[in-house]
Amino acid sequence: MYRTVKRMGIPDSHIILMLADDMACNPRNSFPAAVYDHPRKTLDLYGDNVEVDYRGYEVTVENFIRLLTGRVAADTPRNKRLLTDDKSNVFIYMTGHGGEDFLKFQDSEEINSYDIADAFKQMWEKQRYREILFIIDTCQANTMYSKFDSPNILSIGSSKKGQNSLSHFHDYDLGVSVIDRFTYYNLEFFESVDLSSKQTLADLIAAYNTSLIQSDPGVRTDLFARDLAKTYLTDFFGAVQNVELTTEAFPIGKSK
Amino acid sequence: MRFPSHIALALCGGLLTAAETFTEDLLVKPLQDGRVLLHFEFSVQRAAPTANDTLHHYQLFPRQIGEISRRYDVNELYLSFTQGGWREGKWGSPPVNSQGIGAEVRARIKEGDPAKSESQWRGLTNALSGVFCASLNFIDTTNTATPRLTFADADSPASGVLRHGYLPRENVCTENLTPWVKQLPCQSKSGLGLLLNPYRLYNTDFHSMELSLSSMKDGKGTPVQQYKQRLSVVVDPGTLGLGDRWSLADLVDRQLGTACPVAARSTVRVIQPGFGLKLTPKPSETSKLAGRGVSVFDLHKQPSVDIVFEFAPQEGNDAWPSERPTISAHRYVTGHGGSSGGVESTLTNRGDKPVNVTYLDVLPWYLRVYSHTLEIQTQAADGSWALLRPTSVAFTPAIDRERPSSLELALVLPPSSRTTLRYSFDKGFLKYTEHPPDANRGFNIGPAIVSYQHDALSGELPLHCAIEQALAGPSECIVRTYTELFLASLPTPDFSMPYNVITFTCTILALFFGRIFNLLTRDFAVLKPFEA
């Protein structure tokens, strides 16, 4: 997803990337400094221009909640803060091992659905977002957004309760599967979207093919005020500045 | 009216570029085992900002660094990220003065209120962590030392306390290179920055990326600030499928273009192994470096040059001169079990003169060093052992969860000798929550640093000094040798124990409670058989 939003013109200063593992430069990666989405190795998701904001042991549940709610230490640099206000659309994509109502962080702790719901509630009270698009790819992912109760949140999960989210494409050069099915088909869809695209969130959701993803993606729209068929993908995934045209000339300079 | 303003602009631009100079150089050195060392060096120099300079104008000098140094009163700053060990037996002396694995930060912060400079150091490491996408914010008082002997370079006019922080587990990858490249005046658009291809730079046996900010005086005695960015990698043409004939473009998979237009000097220098290497095209000039011939390609004169390297088939490695540095240092961890251990360091002096060295070992608080166990023995060339007394000892004991222990020794290593240092430690207990997520892996412990002045010694100049003197002019040569890291395995608790205790206790409680509740509340009565 980092690759997708960056390709759509969102600068690194507006992206906060948290990576617990150093997959790209790990000595066991036989293709150094690259992470591919497919064994054919045409699309490098890591890229040669990546900026990671939280890495290694910094990726903890505490830091994630602090980041969302803005309660960070005084010395924290700008790229480790979520500098948003009530005009900001926030897109959160989480993936990893998880289960009913939890997602694992590192190998030692987990965030649960109540933690995220509470953090979003605080964000709403502190006017830290206008709308949130929350996408999560993990086993039983749809349980993760079931506890949300703050307005203007659209949530998408990769699989329903009791279902696994499966990985995709085993790479025999690396000895691991390179991507998750849900993430891969999202990525594939977004490769066809560009800045001028008029595709909407409803198009994205309609493109989910249950037989390919091998789980049932869920969407929760009851908190989201807008009609999905009228919400452009670029509202969350691209840096598109909307120009509002007025019928009359706007007076400049004569403030008296 | 337009014409004079153009002249004024041009004049203004001329003056400003004259105040800041930028040079870029790449050194290519074929190594004995067929690998190739690439050493990039980018340097910006500007007049030192004065206290009443309120404009804070930046042209070539990176603004990020200027602002950080101003905000945190930093006179001297050094940051390096290194992966892979430098094999001095095969590769000779390293091209950089710091080759310890992990991330190292050193800064000299202006003297002042200790509490303020402590918070400035914390602010500095946090700011650097933001700029360079690294976990440098993990440097706090528990892994910061203030060595007095090791980094006391006499030529530095900067005053203040030098703090030294080390993160032995920090890795280096594309995300660290991205901001580093963005600080170059031409980024990766032209000049030598074009060759910085992360796919090749991380496919290496040794990778070291560093930057240093220093204050000094130029030839006229005016104070200047110098910012240097260095990147050294050891590439193996063999693993890239290249044989005896390849070009620089094959090696890094990028084509060289024109020189960076604002660079006062832009060169590629090939250090000749002395035999068997043919270069095409012809270099712009040739010079000498550490007794070797150097072919210099000036990118201003030869833009888009693609240097082709052709190696004659070799008959053994006998012709290669031995380039082992005079002093080498290794450190091992001794002992076994979870309660105690020790450190054994070996310092070898291959020269024919005694050498004054300083030895610095900073150990985290959970390795409790016993200074009375320090034992220094030296073995002469004839095999006889003798005790060696240090000329000075500076030992700072650790405080739990507050500061590391630091051992600094000044030693005189006898000629042709091997000196062994031994000291023991106990392993402390960490709290349940102080363990990292992969607790059973153990803790990486940063290297010991051995430093000495090379000037008084005979023999070949170490490579990093030779580079410094060839590019910047004569300077004194201080060598720092870093030992290996070691892995300390501390006693780890059974992380599932609280869960086990809870389930076990609850089971017993439930059984006990059920029984007693039954006994207390039930009324036991003898039932009469049903009478029909």
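Residues numbered from 1 in each chain as written. Chains lettered and ligands numbered in written order. Predicted model: local features only at pLDDT ≥ 70, side-chain atom pairs only at ≥ 80, totals over all residues.

**Details of the overall build of chain A**
Then, in step 1: Assigned secondary structure in chain A consists of seven helices and 11 strands.
Then, in step 2: Here the C-alpha radius of gyration of chain A, 19 Å, is about what a compact globule of 256 residues would show, namely 18 Å.
Then, in step 3: Looking at the 256 residues of chain A, the share that counts as buried comes to 30%.
Then, in step 4: The long-range share in chain A, meaning contacts at least 24 apart out of those at least 6 apart in sequence, stands at 64%. (Helix = DSSP H or I, 4+ residues; strand = E, 2+ residues; numbered from the N terminus. Rg over C-alpha atoms; globule rule 2.2 N^0.38 Å. Buried ≥ 20, exposed ≤ 12 C-beta atoms within 10 Å, placed from the backbone. Contact = placed C-beta atoms within 7 Å.)

**Let's talk about the overall build of chain B**
Then, in step 1: For chain B, the count of helices and strands is nine helices and 26 strands.
Then, in step 2: The principal-axis extents of the C-alpha atoms in chain B amount to approximately 125 × 80 × 55 Å.
Then, in step 3: Put simply, chain B has 532 residues, and 40% of those count as buried.
Then, in step 4: Contacts in chain B between residues at least 24 apart in sequence constitute 75% of all its contacts with a sequence separation of at least 6.

**Here we look at the confidence of the model for chain A**
Then, in step 1: Mean pLDDT over chain A works out to 90, with 99% of the residues at or above the 70 mark.
Then, in step 2: For chain A, per-element mean pLDDT is lowest for helix 1 (residues 2-7) of chain A, which scores 88, and highest for helix 3 (residues 113-125) of chain A, which scores 96. (pLDDT = per-residue confidence, 0-100.)

**Thoughts on the pairing of strand 6 (residues 161-167) of chain B**
Along a regular strand, successive side chains alternate from one face of the sheet to the other.
Residue and element names in this part refer to chain B.
Then, in step 1: In terms of burial, strand 6 is a largely internal element, six of the seven residues being buried.
Then, in step 2: Sheet analysis places strand 4 (residues 102-109) next to strand 6, joined by seven bridges and oriented antiparallel. Looking at strand 6, one finds that Arg108 is bridged to Leu162.
Then, in step 3: The pairing of strand 5 (residues 144-145) with strand 6 spans two bridges and is antiparallel. (Pairing = 2+ DSSP bridges.)

**Overview of the domain arrangement of chain B**
Residues and elements named next belong to chain B.
Then, in step 1: Domain annotation of chain B identifies domain 1 (17-311) and domain 2 (327-448 + 483-488).
Then, in step 2: Relative to domain 2, the C-alpha centre of domain 1 lies at a distance of 29 Å.
Then, in step 3: Each side of the interface is counted separately: domain 1 has 16 residues, and domain 2 has 20 residues.
Then, in step 4: Counted by class, the side of domain 1 that touches domain 2 contains six nonpolar, seven polar and three charged residues. (Domains from an automatic or database assignment. Nonpolar A, V, L, I, M, F, W, Y, C, P; charged D, E, K, R; others polar.)

**Notes on the pairing of strand 1 (residues 21-30) of chain B**
Residue and element names in this part refer to chain B.
Then, in step 1: For strand 1, the buried fraction is high: seven of the 10 residues fall into the buried class.
Then, in step 2: As defined by bridge partners, strand 1 adjoins strand 2 (residues 36-47) across 10 bridges and the pair is classed as antiparallel. Residue pairing for strand 2: Pro30 is matched across the bridge by Val36.
Then, in step 3: Inspection of the sheet shows strand 1 paired to strand 10 (residues 265-271) by six bridges, in the parallel sense. Counted as the bridge partner of Asp25 is Thr267 from strand 10.

**Looking at the interface of chain B and chain A**
Then, in step 1: Each side of the interface is counted separately: chain B has 22 residues, and chain A has 26 residues.
Then, in step 2: Elements with a minimum of two residues in the side of chain B that touches chain A: helix 4 (114-131), helix 5 (174-182) and helix 6 (198-201) of chain B.
Then, in step 3: Sorting elements by how many residues they give to the side of chain B that touches chain A places helix 4 of chain B first, with six residues.
Then, in step 4: For the side of chain B that touches chain A, a count of residues per class yields 10 nonpolar, nine polar and three charged.

**Observations concerning the sheet that holds strand 20 (residues 392-396) of chain B**
Residues and elements named next belong to chain B.
Then, in step 1: Taken in spatial order, the five strands line up as 20-21-17-24-25 in an open sheet, and their pairing is antiparallel. Bordering the open sheet on either side are strand 20 and strand 25 (478-482), each of which pairs with just one other strand. Strand-to-strand twist of the sheet, defined as the mean angle between neighbouring strand axes without regard to direction, takes the value 15 degrees.
Then, in step 2: Pairing between strand 20 and strand 21 (residues 405-413): five bridges, direction antiparallel. Within strand 21, the position partnered with Ser392 by the bridge is Ala410. (Axes fitted to C-alpha atoms, helices over the stretch in contact; angles between N-to-C directions.)

**Considerations on the environment of Leu27 of chain B**
Residue and element names in this part refer to chain B.
Then, in step 1: Here Leu27 is to be found in strand 1.
Then, in step 2: Exposure remark for Leu27: the 23 C-beta atoms within 10 Å place this residue in the buried category.
Then, in step 3: Sequence separation of Leu27 and Glu41 is 14 residues, and the distance between their C-alpha atoms is 8.2 Å.
Then, in step 4: When residues no more than four places from it in sequence are discounted, the contact partners of Leu27 are His39, Pro95, Arg269, Ile271 and Ile467.

**A few points about the sheet that holds strand 22 (residues 417-427) of chain B**
Strand pairing in a sheet is mediated by backbone hydrogen bonds. Such pairs are either parallel or antiparallel.
Residues and elements named next belong to chain B.
Then, in step 1: The strand order 15-16-22-18-19 describes an open sheet built from five strands, whose pairing is antiparallel. Edge positions in the sheet fall to strand 15 (327-334) and strand 19 (385-387), since each of these pairs with one other strand and no more. On average, each strand axis in the sheet is tilted by 25 degrees relative to the strand beside it, whichever way the strands run.

**A look at helix 5 of chain B**
Then, in step 1: The buried fraction of helix 5 of chain B amounts to seven of the nine residues, a majority that puts the element mostly inside the structure.
Then, in step 2: Elements that come into contact with the buried residues of helix 5 of chain B comprise strand 3 (74-83), helix 6, strand 7 (206-217) and strand 8 (223-235) of chain B.

**Overview of unusual backbone geometry**
Then, in step 1: A cis amide bond links Thr280 of chain B with the next residue in sequence, Pro281 of chain B, at an omega value of -5 degrees.
Then, in step 2: Here Pro281 of chain B lies in the loop between strand 11 (277-280) and strand 12 (285-289).
Then, in step 3: Backbone geometry places Lys41 of chain A, a non-glycine residue, at a positive phi of 55 degrees.
Then, in step 4: For Lys41 of chain A, the location among the structural elements is in the loop between strand 1 (18-19) and strand 2 (54-55).
Then, in step 5: For Lys41 of chain A, a count of 14 C-beta atoms within 10 Å translates into the label partly exposed.

**Observations regarding the nonpolar core**
Then, in step 1: The biggest cluster of nonpolar side chains holds 125 residues, and the ones touching the most others in it are Val28, Leu38, Leu124, Leu128, Val357, Tyr359 and Val450 of chain B.
Then, in step 2: Taken domain by domain, the makeup of this core includes at least three residues from each of domain 1 (17-311) and domain 2 (327-448 + 483-488) of chain B.
Then, in step 3: When neighbours within four sequence positions are excluded, Val450 of chain B is seen to be in contact with Ile327, Ala329, Leu347, Val357, Tyr359 and Thr481 of chain B.
Then, in step 4: In terms of nonpolar packing, the next biggest core, distinct from the first, is built from 33 residues, Phe102, Phe105, Ile156 and Phe190 of chain A among them. (Core = buried A, V, L, I, M, F, W, Y, C linked by C-beta atoms within 7 Å.)

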